[in-house]
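Structural features, examined
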Amino acid sequence: MAVPHAPLEPGPGSGKEKFLLIPARIRAAAPSGAVRILWAAGNEVHAPAAAAEVCTPKRLLLQLPTSCFPKNVEASEEKKTLPAKKKVKELRVLDPKTAQNLSIFLGSYRMPYEDIKNIILEVNEDMLNETLIQSLVKHLPDQKVLCELAQLRNEYHDLCEPEQFGVVMSSVKMLRPRLNSILFKLTFEDHVNNIKPSIIAVTLACEELKKSESFNRLLELVLLVGNYMNSGSRNAQSLGFKINFLCKIRDTKSADQKTTLLHFIAEICEEKYQDILKFPEELEHVESASKVSAQILKSNLAAMEQHIVHLEHDIKKFPETENRHDKFVEKMTSFTKSARDQYEKLFTMHNNMLKLYENLGEYFIFDSKTVSIEEFFGDISNFRNLFLSLTGTDIFYTCNMYKIFG
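Reading the values: rules and limits
Residues numbered from 1 in each chain as written. Predicted model: local features only at pLDDT ≥ 70, side-chain atom pairs only at ≥ 80, totals over all residues. Heavy atoms only, no water. Axes fitted to C-alpha atoms, helices over the stretch in contact; angles between N-to-C directions. Helix = DSSP H or I, 4+ residues; strand = E, 2+ residues; numbered from the N terminus. Left-handed = near helix turned anticlockwise from the far one by under 90°. Contact = heavy atoms within 4.5 Å. Nonpolar A, V, L, I, M, F, W, Y, C, P; charged D, E, K, R; others polar. pLDDT = per-residue confidence, 0-100. Phe/Tyr/Trp six-rings, centres within 6.5 Å; stacked < 30°, edge-to-face > 60°. Buried < 20%, exposed > 50% of the residue type's maximum accessible area, 1.4 Å probe, protein only. Arc of directions from axis to C-beta. Salt bridge = Lys/Arg side-chain N within 4 Å of Asp/Glu carboxyl O.

Our next topic: the packing of helix α5 (residues 113-121) against helix α8 (residues 161-169). One can describe the packing of α5 onto α8 by two numbers: an axis separation of 9 Å at closest approach and a directional angle of 35°. For the pair α5 and α8, the crossing hand works out as right-handed. Together, Tyr-113, Glu-114, Ile-116, Lys-117 and Ile-120 of α5 and Glu-161, Gln-164, Phe-165, Val-168 and Met-169 of α8 make up the contact between the two elements. Across the contact of α5 with α8, the residue classes break down as six nonpolar, one polar and three charged.

So, in structure tokens, the structure goes:
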């Protein structure tokens, strides 16, 4: 918008002189006698005749108040828009690596610190998950450091975020045992599902082997053929053989190298002893049993019992609390009872499994303490798969016909 100017007034003399155009707001603020200014030759500025002295532009500007001049708007606005530098908060207690790990954890969950604390106190399984608890167990500093952070509670707002979180969590009693117990509760079903199917697989495999008449007849046939082939040698009239020999019969080949002893036995079964063809179906759980490590199974059971014992001990010595959110004792007491019951059942099942395997060793004449479950069932499973791959669909067809027509 154009600035309003004072109207031109005719000057005295020849009319070559004219008044300076002065904005109205400057004229209003100018001192008396400095308003009617004339441009003169030589760029001098003169007051009209009523003025007593020559007034230069510099002099006039000095006489005007600063309010007459516009401020540097752009500079002021730029100054306002510049963000204030955020003060970097230095670590007071935590080491840089721990602080970084906690920052990553807090950035992943983006929950208020008090909310994280409360869902732990409440053992709120709707909000808790295995990953969250594992991260806390892994990245939270030890109790001594948390106690140091607790001393800085009054300086909370001066601390960096990881240390603020540490201050909040330091108020949770028995924090690390609590976290370990909650993690065990969250993963307990996984522990059971890792142990129970293995025990069942070995138990059923033991029972299947002892009951399978077709497999026993197969062993008799192998022994008969072996003794016939070894007649006249020192191995003739053998009373038995080790189970791992079953997989080796495919290595015994005919004179023309076109067939193996395993082929020969399979053909005899198809022609004369079709009832033996049922043995792969009767040993349904042998393959799954071959994948069970007795040592790992025993270790997993022992670890489960140790967790339960620690939890029972923590509940007994847990201090009283007035925090209404703290439901650890209430919820973990009922869980511990349930976990103890399930462990006792698994323990009984495991002992029964070991007894069956020991009996199997007596039945097949091998030392169950030196031949592992994995090794024994592995040999039988491998032979079963070899037999099936060798005979293929013909065996299944013959076996199915045998079951249908007896």
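Now for unusual backbone geometry. In this structure, Arg-110 is a non-glycine residue whose phi angle is positive, near 50°. Within the secondary structure, Arg-110 is located in the loop between α4 (96-109) and α5. The backbone of Ile-365 shows a phi angle near 55°, a positive value even though the residue is not glycine.

Of the residues in the protein chain, 73% reach a pLDDT of 70 or more, and the chain-wide mean stands at 80. Under a pLDDT of 50 for its full length, residues 393-406 has, in the predicted model, 17 contacts with residues more than four places off or in other chains.

As a further point, take the packing of aromatic side chains. Under the definition given, this model contains 20 aromatic pairs. Both rings, one in Phe-376 and one in Phe-377, keep their centres 5.2 Å apart while their planes meet at 75°; by these two values the pair is edge-to-face. The burial state of Phe-376 is the same as that of Phe-377; both residues are buried. Chaining the aromatic ring pairs together yields one cluster made of Phe-215, Phe-279, Tyr-357, Tyr-363, Phe-364, Phe-366, Phe-376, Phe-377, Phe-383 and Phe-387.

This next bit is on helix α11 (residues 261-271). Turning to α11, its buried residues are Leu-261, Leu-262, Ile-265, Ala-266, Ile-268 and Cys-269. The buried residues of α11 occupy an angular sector of 160° when the element is viewed end-on, so they sit on one face.

Across all of its chains, the model carries eight salt bridges by this definition. A salt bridge links Glu-125 to Lys-185; the shortest N-O distance between them is 2.1 Å. Here Lys-185 lies in helix α9 (residues 175-211) and Glu-125 lies in the loop between α5 and α6 (130-139), a separation of 60 residues in the sequence. On the basis of relative accessible area, Lys-185 is assigned to the buried category, the value being 17%. Here Asp-275 and Arg-217 are joined by a salt bridge, their closest N and O atoms 2.6 Å apart. In this pair, Asp-275 is assigned in the loop between α11 and α12 (279-282) and Arg-217 in helix α10 (residues 213-229), connecting sequence segments 58 residues apart. Since its relative accessible area comes to 17%, Asp-275 is described here as buried.

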